[in-house]
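What follows is the residue order along each chain.
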Amino acid sequence: MKKRSKKYLEALEKIEKGKAYTKEEAIKLVKETSITKFDGSVEVAMRLNLDTKKADQQLRGALVLPNGTGKDVKVLVLAKNPALVTAAKEAGADYVGDVDMIEKIEKESWFDFDTIIATPDMMPALGKIGKVLGPKGLMPNPKTGTVTIDTAKAVKDAKAGRVEYRTDSFGNVHASVGKVSFTDEALVQNLNSFVAQILKVKPSTVKGDYVKNITLSATMGPSVKISLNSFDI
């Protein structure tokens with residue numbers, strides 16, 4: 001059994017075991033039970049009634065949170081078309097290149113970025129280092145809007161607070177919905193936006209209740225269960 005710190009155990013005492021809180025109460029509790037000295041992230045986890053062995057029940061996508069994530073995201077754009085390169089730079093991309101950047105990643109183990117946006121014609125070359133990018137969650141994908149010819153929009157979305165989600169083998173999805181320093185209202189708006197997106201992409205083949213459980217937690221802090229009645233589920 002994992003040994004918990006004194007701070008964690010003290011924080012855990014503030015949460016009533018087995019109770020499902022309203023989303024407003026949960027956010028207040030998550031802030032109170034944040035145990036890090038730095039401004040921790042607020043994470044939402046949703047347990048869904050999905051059979052991930054079925055292709056149509058494997059969720060993957062992205063959305064831009066209304067109040068961002070509070071993170072300074074470094075963006076790498078891979079494109080050859082001069083117009084798309086210019087558009088990416090003007091939109092605020094931190095790095096722009098093509099095969100030269102791919103070689104830099106491969107030969108120098110360079111990862112001074114948080115997300116990669118690539119035009120479709122760059123994907124064959126990028127696929128060669130897929131085994132390196134995949135485990136780090138950095139491989140671009142059309143479903144998350146990171147494989148596109150609209151480099152300007154993709155860069156702006158990434159900088160504005162785009163979060164990606166993907167079901168794990170147990171049918172869970174999770175994402176950061178902001179920072180502990182955010183106002184309660186901003187966190188509620190971000191949380192509502194994320195939950196609404198997951199409800200929107202519900203597979204038509206799901207039988208029974210789609211959402212089983214929703215919890216919220218701060219970085220390294222205990223999780224707080226949210227009542228499903230807090231949302232239009």
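Treat the numbers as computed from the prediction; the structure is a model and nothing was measured.

Hydrogen bonds between backbone groups are what pair the strands of a sheet, and the pairing can be parallel or antiparallel. Reading across from one edge, 7-1-8-9 is the order of the four strands in this open sheet, with antiparallel pairing throughout. Looking at which strands have only one partner, the edges of the open sheet turn out to be strand 7 (172-179) and strand 9 (224-225). The pairing of strand 8 (residues 211-218) with strand 9 spans two bridges and is classified as antiparallel. Across the sheet, Leu216 pairs through a bridge with Val224, a residue of strand 9. Together, strand 1 (41-48), strand 8 and strand 9 form the strand contacts of helix 2 (residues 23-32), whose direction differs from that of strand 8 by roughly 35 degrees. The strands touched by helix 8 (residues 184-200) are strand 1, strand 7 and strand 8; relative to strand 7, the strand with the most contacts, the crossing angle is about 155 degrees.

Below, the discussion takes up the side chain of Thr146. Considering the arrangement of structural elements, one finds Thr146 in the loop between helix 6 (130-133) and helix 7 (151-160). Here the side chain of Thr146 touches Asn141 through a polar contact of 2.8 Å, landing on its backbone nitrogen. Ignoring anything within four residues of it in the chain, the contact list for Thr146 reads Thr115, Ile116, Ile117, Ala118, Pro140, Asn141, Arg162 and Glu164.

Where helix 2 meets helix 8, the axes come as close as 10 Å, and the angle between the chain directions of the two elements is 120 degrees. Taken as axis vectors, helix 2 and helix 8 run oblique relative to one another. Judged by the twist between their axes, the crossing of helix 2 over helix 8 is right-handed. Counted together, Lys23, Glu24, Ile27, Lys28 and Lys31 of helix 2 and Asp184, Leu187, Val188, Leu191 and Asn192 of helix 8 form the full contact between these two elements. Of the residues in the contact of helix 2 with helix 8, the class split is four nonpolar, one polar and five charged.

All right, on to the environment of Ala91 then. With respect to the secondary-structure elements, Ala91 resides in helix 3 (residues 82-91). Overall, the relative accessible area of 16% leaves Ala91 in the buried class. Each C-alpha atom, one on Ala91 and one on Ala154, is 8.8 Å from the other, the two residues being 63 residues apart in sequence. With residues near it in sequence (within four places) discarded, Ala91 still touches Ala152, Val155 and Lys156.

Trans is the common state for peptide bonds, and a negative phi is the common state for residues other than glycine. A positive phi angle, near 50 degrees, is found at Ser109, a position not held by glycine. When you line up the elements, Ser109 lands in the loop between helix 4 (99-108) and strand 5 (115-118). The class for Ser109 is exposed, based on a relative accessible area of 54%. Positive phi is not limited to glycine here, since Met220 has a value of about 65 degrees. Turning to its location among the elements, Met220 is positioned in the loop between strand 8 and strand 9. Since its relative accessible area comes to 59%, Met220 is described here as exposed.

For the rest of this paragraph, the subject is helix 2. Within the sequence span of helix 2, burial applies to Lys23, Ala26, Ile27, Leu29 and Val30. The arc that holds the buried residues of helix 2, viewed along the axis, is 165 degrees, so those residues lie on one side. Among the structural elements, strand 1, helix 8, strand 8 and strand 9 are those in contact with the buried residues of helix 2.

Bringing the environment of Thr183 into the picture now. Among the structural elements, Thr183 can be located in the loop between strand 7 and helix 8. Once the C-alpha coordinates of Thr183 and Lys31 are considered, the two residues, 152 residues apart in sequence, prove to be 10.0 Å apart. A polar atom in the side chain of Thr183 sits 3.1 Å from the backbone nitrogen of Ala186.

Thresholds applied
- Residues numbered from 1 in each chain as written.
- Predicted model: local features only at pLDDT ≥ 70, side-chain atom pairs only at ≥ 80, totals over all residues.
- Heavy atoms only, no water.
- Pairing = 2+ DSSP bridges.
- Helix = DSSP H or I, 4+ residues; strand = E, 2+ residues; numbered from the N terminus.
- Contact = heavy atoms within 4.5 Å.
- Axes fitted to C-alpha atoms, helices over the stretch in contact; angles between N-to-C directions.
- Polar contact = N/O pair within 3.5 Å; in protein donor to acceptor, adjacent residues only side chain to side chain.
- Parallel < 35°, antiparallel > 145°, perpendicular 65-115°, else oblique.
- Left-handed = near helix turned anticlockwise from the far one by under 90°.
- Nonpolar A, V, L, I, M, F, W, Y, C, P; charged D, E, K, R; others polar.
- Buried < 20%, exposed > 50% of the residue type's maximum accessible area, 1.4 Å probe, protein only.
- Arc of directions from axis to C-beta.

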